[in-house]
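Read off the chains here:
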Amino acid sequence: MFLDGIYKSYDEINVLHNFNMEIKDNEITCILGPSGCGKSTLLNVMAGIINPDKGSIKNNHKKIGYVFQEDRLLPWKTVFENIKIVNKIASDNKIQNLIDIVGLSNFENKYPNQLSGGMRQRCSIARAFNYECQMLLMDEPFKSLDYDLRINMVKSLIDIWHKWKNSIVFVTHEIDEALLLGNRVVVLTKNPCTVETVIKINTPQNLRSLDDRELFEVRSKLIKTLSKQQDKGTYKSA
Ligand SMILES: Nc1ncnc2c1ncn2[C@@H]1O[C@H](COP(=O)(O)OP(=O)(O)OP(=O)(O)O)[C@@H](O)[C@H]1O
């Protein structure tokens, strides 16, 4: 996908101003940027949910999935049914496997109001995996999870992506998530939102550990770049 000269304003706020970015096929692109810089707006433009004021999007992907910051589950459907609904021909075994991957075994017949916020979000992630899209947009999908669960979800996402090799665009405030997941990490600026830096990480995801030399060097670069941005206090690194 290419975003070419994208502009998007809300009233007097120029959120995206001549924004250009390429999302490579079959890669995970992680996006970091100051709070309120326009990351969700950018994903919404990519998904076609909002139209840019100007600019063009070149996209070969017919099926785009989206994991929103909130779970958006159907309250009258169970966990199993919420996951099934986006791909009704998926086998029950496949859906059960996704439920197990996201750690919701034994909750298949529960309704969203019987789950915690983190469990609902994991259900919405399983639903996105069941959708089998060519491009998956994920807006801070693990933010309601505690550290251990987040790291487990990162590992599950890597396993699924290895089988599937679709394009994933993953917005996060967590540097460690970006380090473990991204083939590329894009840092955005605020007012207006533009691409500050793109860092490529060469070590394959399944061989990465946060102590690796390459990740250590990328972390230092990211911290340096992000510290130039406003709201640098919103970034966390374990
Ligand atoms: N529908 C809207 N109407 C008016 N202003 C909006 C609208 N959506 C977003 N904005 C403004 O646009 C800017 C970018 O918002 P956006 O949600 O895209 O940022 P973000 O980087 O995703 O934020 P966060 O890191 O807090 O999730 C913010 O100043 C926000 O207040």
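Quick look at the structure, then. Starting afresh in each chain, residues are numbered from 1 along the sequence in its written order. Only residues with pLDDT of 70 or above have their local features reported here, since the model is predicted, and side-chain atom pairs are shown and tallied only from 80 upward, although totals for entire chains, interfaces and linings are computed over all residues. Water and hydrogen atoms play no part in the side-chain values, which are based on all heavy atoms of the structure.

Our next topic: the pattern of salt bridges. Salt bridge, as applied in this entry: a Lys or Arg side-chain nitrogen positioned within 4 Å of an Asp or Glu carboxyl oxygen. Enumeration according to the criterion identifies 13 salt bridges in this entry. Notably, a salt bridge pairs Arg-150 with Glu-174, separated by 3.5 Å at the nearest N-O pair. One end of the pair, Arg-150, is in helix α5 (residues 147-164); the other, Glu-174, is in the loop between β7 (167-171) and α6 (175-181), and 24 residues separate them in sequence. As far as the burial class goes, Arg-150 and Glu-174 line up, both buried. The partner of Glu-217 in a salt bridge is Arg-213, and the shortest N-O contact between them spans 3.3 Å. Highlighted residues: Glu-217 and Arg-213, both in helix α7 (residues 213-227), separated by four residues, approximately one helical turn. We call a residue buried when its accessible area falls under 20% of the maximum for its residue type, exposed when it is over 50%, and partly exposed in between, using a 1.4 Å probe and counting protein chains only. The exposure class of Glu-217 is partly exposed, given its relative accessible area of 40%. Overlapping salt bridges, with partners in common, bring together Arg-150, Glu-174 and Glu-177 in one network. Numbering goes from the N terminus for both helices and strands, where a helix is a DSSP run of H or I of at least four residues and a strand is a run of E of at least two.

Let us now look at helix α4 (residues 117-131). Over its 15 residues, α4 runs 21 Å from end to end, which matches the ideal 21 Å to within 8%, given 1.5 Å per residue. For α4, the buried fraction is high: twelve of the 15 residues fall into the buried class. Where α4 is concerned, the buried positions are Gly-118, Met-119, Gln-121, Arg-122, Cys-123, Ser-124, Ile-125, Ala-126, Arg-127, Ala-128, Phe-129 and Asn-130. The contact criterion used is simple: two residues touch if any of their non-hydrogen atoms lie within 4.5 Å. Tucked inside the fold, the buried residues of α4 contact β5 (64-67), α2 (79-84), α3 (92-101), β6 (135-139) and α5. One or two residues past the end of α4 sits Glu-132, with phi positive at roughly 55°. Under the convention used throughout, the expected extent of a helix is 1.5 Å for every residue step, that is, one less than its residue count.

Let us look at the packing of α4 against α5. At their nearest, the axes of α4 and α5 sit 12 Å apart, and the two run at 5° to each other. When the axis of α4 is compared with that of α5, the two are roughly parallel. Note on element contacts: α5 touches α4 through Leu-149, Met-153, Leu-157, Ile-160 and Trp-164, opposite Arg-122, Ile-125, Ala-128 and Phe-129. Ten residues, namely Ala, Val, Leu, Ile, Met, Phe, Trp, Tyr, Cys and Pro, are considered nonpolar, four, namely Asp, Glu, Lys and Arg, are considered charged, and the remaining ones, Gly among them, are considered polar. Considered class by class, the residues forming the contact of α4 with α5 number eight nonpolar, no polar and one charged. All axes are obtained by fitting lines to C-alpha atoms, using only the stretch in contact for helices, and the reported angles, taken between N-to-C directions, cover 0 to 180 degrees. Should an angle fall under 35 degrees it is called roughly parallel, over 145 degrees roughly antiparallel, and 65 to 115 degrees roughly perpendicular, with every other angle called oblique.

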